[in-house]
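So you can see what is in the structure, the chains are spelled out below.
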Amino acid sequence: MRKRGGPEVFRITGARQGLADDVRCRQRRYVISMSVRTLSVIAAAVLWNVERHVAIVALALGVLLPYVAVVIANAGRESAPSLPSAYLSSPVRPALGPAEGAAESGAERPYGRA
């Protein structure tokens, strides 16, 4: 039986992501977006004499993507306002009394013996 003055209990589900994991995730997003930017600039160079409209769109993507990638990478850590409270209070368990009519119906007799 647990004592009421025991240590506080915390939920691990309310913990934030670790700093190393957060940095690794942001670096991965930045590398992916820079790879897309590189591919779009190469596509713009290849398609310039073939399909100029597509090449202009690819070039615009290649120009705008570094700004977006830096903003996303520097956005910081995630916020978790919707997660439950990190403190878990001990549940209050009511004491159970004898059931009404238990002696009359034979509910207290094990296996139906008298």
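The structure contained in this document is the topic of the report that follows. The model shown is predicted, which means the values in this text are computed figures rather than measured ones. (Residues numbered from 1 in each chain as written. Predicted model: local features only at pLDDT ≥ 70, side-chain atom pairs only at ≥ 80, totals over all residues. Heavy atoms only, no water.)

## Examining helix α1 (residues 19–47)
Moving on, step 1. Taking 1.5 Å per residue as the helical rise, α1 with its 29 residues ought to reach 42 Å, and the 42 Å between its terminal C-alpha atoms agrees with that figure.
Moving on, step 2. Among all positions of α1, only D22, R26, S33, M34, S40 and A44 are buried.
Moving on, step 3. Against the buried residues of α1 lie α2 (52–73). (Helix = DSSP H or I, 4+ residues; strand = E, 2+ residues; numbered from the N terminus. Expected span 1.5 Å × (residues − 1). Buried < 20%, exposed > 50% of the residue type's maximum accessible area, 1.4 Å probe, protein only. Contact = heavy atoms within 4.5 Å.)

## Quick look at the packing of α1 against α2
Moving on, step 1. Closest axis-to-axis distance for the α1/α2 pair is 8 Å, and the angle between their directions is 160°. Taken together, the axes of α1 and α2 are roughly antiparallel relative to one another. The way α1 lies across α2 gives a crossing that is left-handed.
Moving on, step 2. Counted by class, the contact of α1 with α2 contains 18 nonpolar, three polar and four charged residues. (Axes fitted to C-alpha atoms, helices over the stretch in contact; angles between N-to-C directions. Parallel < 35°, antiparallel > 145°, perpendicular 65-115°, else oblique. Left-handed = near helix turned anticlockwise from the far one by under 90°. Nonpolar A, V, L, I, M, F, W, Y, C, P; charged D, E, K, R; others polar.)

## With respect to the pattern of salt bridges
Moving on, step 1. Under the counting rule described, the total for this entry stands at two salt bridges.
Moving on, step 2. Note that R26 and D22 form a salt bridge whose closest N and O atoms lie 3.4 Å from each other. In this pair, R26 and D22 are both assigned in helix α1, four residues apart and thus about one turn of the helix distant. The exposure classification of R26 matches that of D22, with both residues buried. (Salt bridge = Lys/Arg side-chain N within 4 Å of Asp/Glu carboxyl O.)

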